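# Coordinate analysis (summary)
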Amino acid sequence: MAAPLAVLLLAGACSTGTDQAPEPAIASTTTVTPVAGTAGVATTTSEASQIAVPTTQAPAETGPRRGGTLRVLLAADPTPITGWTPWDHVCAWSCRNVLDHVVETLMVVLPDGTVVPWLAESVSVDASLQRWTVTLRPDVAFTDGEPLDALTVKTGIDDYLRSGRASGGHLRDARITSVVVVDDLTLLFELSEPNAGLPAALAGPVGRVFSIVAADADPDLFARAPVGTGPFVFRRWSAGEPAVLQANPGYWRTAADGSTLPWADEIVFTELADERERLEALLDGRGDILMSRSAELATAVAAATDSVGRSLATIQRHDDNAGVVLFNLLRAPLDDIRVRRALIAAADQEQLISALGPDVDRLAATQWWSPESIWYSTEAAAAWPDHDLERARSLLGEYIEDPERSDDRDPGEPVRVRVLCTDDLSLSRMTAELERQWEDTGLVDVDVETVARTGLISRVMGSVVQSPSFAGDFGATCWRVGGESDPALLASAAVGPVRTTPLNVSNFTGEHLASLASLIKSTDAIDERRQAVAQFMAELANEAPYVFLSYASSVVAATADVGGLGRATLPDGRVAEGQRLGVGRYDEVWLRRE
């Protein structure tokens, strides 16, 4: 969608790392099958080698060449970039394109959602899922020459991340109570409760590893130019200006053939907020690579050619984030499951998606995770109901004639549904189409109210002074569900107690969903977790909490002068390909031009 819907899980856009895809074609959608280890995690280097990650060898005639300056064009993040500290600065998608190349994480998330070690060499857990042992890779150094060791990681968490404005909530969500140094390269993470999603948390702000020496020596300088273990270092940046990074000559990772990384001498990241301007800048030679989280731009990129007629290399993905019209289960008549099921049956998803943008490539959603994710469930997809106007009328008629109907209207009167949405043009078209579809039943009156995005979030989230707390001030609303976090965090937040869980914006109650969320969090067997996720999503469909629209899209695209786009050699030597959320990795990207 041209402008993002409000995000269901506002728990930090910087919550997980990402990896990459092929060169130069569209990203592979081959499923990455995790070993039966810890929570969908390849826990050791030997286990990681069992994961079937698609690989692409660089063409011999265009093989990697060193040198040059890569010019990457970024979208504008929801939160402007005012600094780069992992603890005090929210780091969304454009920010992560930069920061991931400087301050690395203990784990990373591959494009399909599998979590693998990065700065960590291995991760293991005891039977309680409350004591996690993380072993660091040996012989890794920060770019200021300080060694990576267990004490540095512990100090970073205890002295910086735990109290940080942007990171403290992630520590609490991960349930980390203490971090213990076992030896120079080994840490023990102790949790307050079982959390199978901890490895994914270590791929986000909780797992960012930085030089304590540099952070202590000059906090202001560190905020402008943080020091990590990454393939690049900050050369120049100020707020509102391009970020210029230069190669780290002592970088620890190598390419698949053993060559040192990175290939480029320098990367210049420039933010261009306007989507069309960003594409025009790429096509007219002012950039080499662009990223976007706009379905419109992803569609345009796929058809674009440069000034001499060459196609762009594009890596497009439908992300694990879906647009919905979400119901407030505490507000009549949406507190009655007959009404919710009727409204879903009356909604023609294909027509609603078309209203968002008739010439835009969008994929209809049936659950939180896209088909490219290991968490996607064909069971959940099958459970989502089809458009059925007669069923909608039957269910509505049953409710309307019920003398005990919850909305206190007289029997026979149509139901009234109030829809709250932003004033974005594409969403306005969608809500107008939705209003038409619901009113075509002859049994629904629809009122649409438009507000600014910030106002919508405030109205939907509610506040502690409401009764009950966080009940929200809306009937139905434009929203987004899902996200990039581990299913344990997403499910727990979506169905937690209404009074204490502001992210339960639908105001769910129900023991079955809560027990499934608990199972997702408390088992480390990947097959059990995937089955629990499938059951959770199928049960969610049964509860009818929202009308699904389409998945969010992201794209990373490059000119024909760029090689290696989307390629990432994992620490064990395998090559992963793809991208998530428009976050690219560019240490293995090279320029074919002189």
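These notes cover the structure that comes with them.

Along the chain, the position of Ala 300 falls in helix H9 (residues 295-303). The class of Ala 300 is buried, set by a relative accessible area of 16%. Taking the C-alpha atoms as reference points, Ala 300 and Val 360, 60 residues apart in sequence, are found 8.3 Å from one another. Beyond its immediate stretch of four places on either side in the chain, Ala 300 contacts Arg 276 and Leu 279.

What the four strands build is an open sheet, ordered S4-S5-S7-S6; its pairing is antiparallel. Of all strands in the sheet, those bounded by a partner on one side alone are strand S4 (120-125) and strand S6 (176-183). The sheet shows a mean angle of 20 degrees between the axes of neighbouring strands, direction not considered. Sheet topology places strand S5 (residues 131-136) next to strand S7 (residues 186-191); five bridges connect them, and they run antiparallel. Opposite Thr 135, over in S7, you have Thr 186 as the bridge partner. Here helix H3 (residues 150-161) sits on the sheet and contacts S5, S6 and S7; the angle it forms with S6, its principal contact strand, is near 160 degrees.

Counting residues in hydrophobic clusters, the biggest one holds 85 residues, and the most contacted among them are Leu 106, Phe 189, Ile 289 and Tyr 586. The element that contributes the greatest number of residues to this core is H3, accounting for five residues. With residues near it in sequence (within four places) discarded, Tyr 586 still touches Leu 70, Val 72, Asn 97, His 101, Ile 267, Phe 269, Ile 289, Val 556 and Leu 565. Core analysis: the second largest hydrophobic core is formed by 75 residues, Val 339, Ile 344, Ala 532 and Leu 549 among them.

With the rule as written, the count across this model stands at 38 salt bridges. The salt bridge involving Arg 131 is made with Glu 190; its shortest N-O contact spans 3.0 Å. In this pair, Arg 131 sits in strand S5 while Glu 190 sits in strand S7, placing the two residues 59 residues apart along the sequence. Of the residues examined, Glu 190 reaches a relative accessible area of 22% and is grouped as partly exposed. In this structure, Glu 266 and Arg 235 form a salt bridge, with 2.3 Å as the shortest nitrogen-oxygen distance. Remark: Arg 235 occurs in strand S8 (residues 232-236) and Glu 266 occurs in strand S10 (residues 266-271); sequence separation between them is 31 residues. The exposure class of Glu 266 is buried, given its relative accessible area of 14%. Several salt bridges converge on common partners, so that one network encompasses Arg 293, Arg 317, Asp 319, Asp 320 and Arg 580.

Looking now at unusual backbone geometry. Of the consecutive residues Leu 261 and Pro 262, the connecting peptide bond is found in the cis state with omega at 5 degrees. Examined against the element boundaries, Pro 262 turns out to sit in the loop between strand S9 (243-247) and S10. A cis geometry characterises the amide bond from Ala 332 onward to Pro 333, with omega recorded as 5 degrees. Within the fold, Pro 333 resides in the loop between strand S12 (313-327) and helix H10 (337-346). Phi at Asp 139 is positive, roughly 60 degrees, even though this residue is not glycine. Look at Asp 408: it is not a glycine, yet its phi comes out positive at around 65 degrees. Positionally, Asp 408 belongs in the loop between helix H13 (389-400) and strand S13 (415-422). Under the relative-accessibility criterion, Asp 408 is labelled exposed at 71%.

Reading the values: rules and limits
Residues numbered from 1 in each chain as written. Predicted model: local features only at pLDDT ≥ 70, side-chain atom pairs only at ≥ 80, totals over all residues. Heavy atoms only, no water. Helix = DSSP H or I, 4+ residues; strand = E, 2+ residues; numbered from the N terminus. Buried < 20%, exposed > 50% of the residue type's maximum accessible area, 1.4 Å probe, protein only. Contact = heavy atoms within 4.5 Å. Pairing = 2+ DSSP bridges. Axes fitted to C-alpha atoms, helices over the stretch in contact; angles between N-to-C directions. Core = buried A, V, L, I, M, F, W, Y, C linked by side-chain atoms within 4.5 Å. Salt bridge = Lys/Arg side-chain N within 4 Å of Asp/Glu carboxyl O.

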